[in-house]
Amino acid sequence: MTQSFDPRTGYDENGRMEPKAYDAILLASFGGPEGQDDVIPFLRNVTGGRGIPDERLEEVAVHYRKNGGVSPINAQNRALKAALEAELASRGIDLPIYWGNRNWHPFVNDILEQIAADGHRKVLLMGTGAYAGYSACRQYREDLGMGLRATGLEGVVEVDKLRQFFDTPAFVTPFVDGLRTSLATVREQLEAAGKPEGRIKIVFVTHSIPMSDANAAGPEAIRAKLDENLYTAQHRAVANYILANVEEAAGLEHSLVYQSRSGAPHTPWLEPDINDALEEDAAAGVDGVVVVPIGFISDHMEVLWDLDTEAKDTCAELGLAFDRVATPGTHEAFVSGLIDLVEERLASKDGKALREGRCSVVDGGPWFDVCRPGCCEKAALDGTLRPTIGAVDSEVGVPQA
Ligand SMILES: CC1=C(CCC(=O)O)c2cc3nc(cc4[nH]c(cc5[nH]c(cc1n2)c(C)c5CCC(=O)O)c(CCC(=O)O)c4C)C(CCC(=O)O)=C3C
Ligand SMILES: [Fe+2]
């Protein structure tokens, strides 16, 4: 394939960015509290100005309080960072990884300053969201856009973004492995309960988002061709890939449902909620479920509380056997696959990428390195658009031509 990168911008008409000699990776995530005193300030950062009712804030605080005020997410990101560093080292790639968060220490802005102070100028952002959409993709681009402004590093430090990775072997392989294991576990539970022939349903679940966000996900040219929103379509494609690659799943019924809805009750979000869906499944004669959390990369609070506590309790009440598939975490395929994605973008001495092409195994991929204007757009409360990096129309993060 011939490649024509615009010499002024460094990307081509397909949203692919030319390989560059990056000198640092920034692993950017959500962040979470590290103790009881952090919980409320953290939740205020998360919901800042978005009108999440106070009762809901207190409700969510309980999930963290019961866990000592600690979210598991920070430890998981530290573990992922260490595993990525080891993988880079094993490939002889000398590239430091920094870790910064949207909602809690270490904050992205502080880390940007450290990156600059350490002398790095070309940064590749690796966000922990796998799919298109405001929360999973554009908000990370805004974090960096606003961060470069706030720190005065605009035009000094260049930040590009690694593409969303829902379609990659890195992301889907751990779920394929996990579904095999969990199907066997639920089958054993049913045997122990005297129902060896019991009906098992595979329940794929992801974070619900407001319908308005779902409908704005992705570039207009792609949205126009779909008969459902792109966020849902990408999840369906991932679910289909996993099903097609697990022989034991052949012939089993399956669904795609949502978790962790928040916001005002009258605002429409993606449905059905997993707990409502489980009730219907039980009423329809299902005996056991395997829950596959394809919306997340690690077993953080949304997984431990909304799935392993609430959805599991729902199943116990309904008499359904239950097992939850592990998230990618530090699965070897996830770690090495993410570094493959880095290699697709990293220029060697001759200017070519360390790895040719763009690896993709799921329908709808590979996603863009550089987003189109209007992709996942969402205005701030004052009606203006926030600065972003990683887009054709970015004002910050790209070198000034
Ligand atoms: C798509 C998506 C991902 C996946 C992509 C990614 O991974 O980035 C994600 C991840 C996460 N969401 C998380 C936690 C929360 N999300 C909230 C609120 C919201 N999430 C949303 C969407 C998403 N969220 C939305 C549209 C809202 C409401 C509007 C808003 O306020 O923006 C709230 C507020 C309180 C509430 O639940 O009402 C909390 C506490 C944690 C940390 C868990 C831990 O601490 O271990 C993680 C990884
Ligand atoms: Fe969330």
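Residues numbered from 1 in each chain as written. Chains lettered and ligands numbered in written order. Predicted model: local features only at pLDDT ≥ 70, side-chain atom pairs only at ≥ 80, totals over all residues. Heavy atoms only, no water.

(A) Fine view of the packing of aromatic side chains. Within this structure, the stated rule accounts for eleven aromatic pairs. Here the aromatic rings of F30 and F42 are separated by 6.3 Å at their centres, their planes lie at 70°, and the arrangement is edge-to-face. Of this pair, F30 sits in the loop between β1 (24–29) and α1 (39–47) while F42 sits in helix α1; the two residues are twelve residues apart in sequence, bridging distant segments of the chain. Note on F42: relative accessible area 1%, which makes it buried. Between the NZ or CZ atom of R102 and the centre of the ring of Y140, over which it lies, the distance is 4.0 Å. (Phe/Tyr/Trp six-rings, centres within 6.5 Å; stacked < 30°, edge-to-face > 60°. Helix = DSSP H or I, 4+ residues; strand = E, 2+ residues; numbered from the N terminus. Buried < 20%, exposed > 50% of the residue type's maximum accessible area, 1.4 Å probe, protein only. Lys NZ or Arg CZ within 6 Å of the ring centre and 35° of its normal.)

(B) Region of the structure containing unusual backbone geometry. A cis amide bond links H105 with the next residue in sequence, P106, at an omega value of -10°. Within the secondary structure layout, P106 lies in the loop between β2 (97–101) and α4 (108–117). Cis geometry is found at the peptide bond from E271 to P272, where omega equals 5°. Within the secondary structure, P272 sits in the loop between β6 (253–259) and α10 (274–283). The phi dihedral of S260 falls on the positive side, at around 60°, and the residue is not glycine. Structurally, S260 is set in the loop between β6 and α10. Judged by its relative accessible area of 8%, S260 is buried. Unusually for a residue other than glycine, C376 sits at a positive phi of about 55°. In this structure, C376 sits in the segment after α12 (332–345).

(C) How the structure looks around the sheet that holds β6. Read from one edge of the open sheet, four strands run β6-β5-β7-β8, paired in parallel fashion. What marks the edges here is a single partner per strand, and that holds for β6 and β8 (321–324). When the angles between neighbouring strand axes are averaged without regard to direction, this sheet yields 25°. Looking at chain direction, strand β5 (residues 200–207) and strand β7 (residues 288–293) are connected through six bridges and run parallel. Counterpart to F204 in the pairing with β7 is V292. Across the sheet, helix α6 (residues 169–192) lies against β5, β7 and β8, angled at about 160° from β8, the strand it touches most. Of the strands in this sheet, β5, β6, β7 and β8 are in contact with helix α11 (residues 301–318), which crosses β8 at around 170°. (Pairing = 2+ DSSP bridges. Axes fitted to C-alpha atoms, helices over the stretch in contact; angles between N-to-C directions. Contact = heavy atoms within 4.5 Å.)

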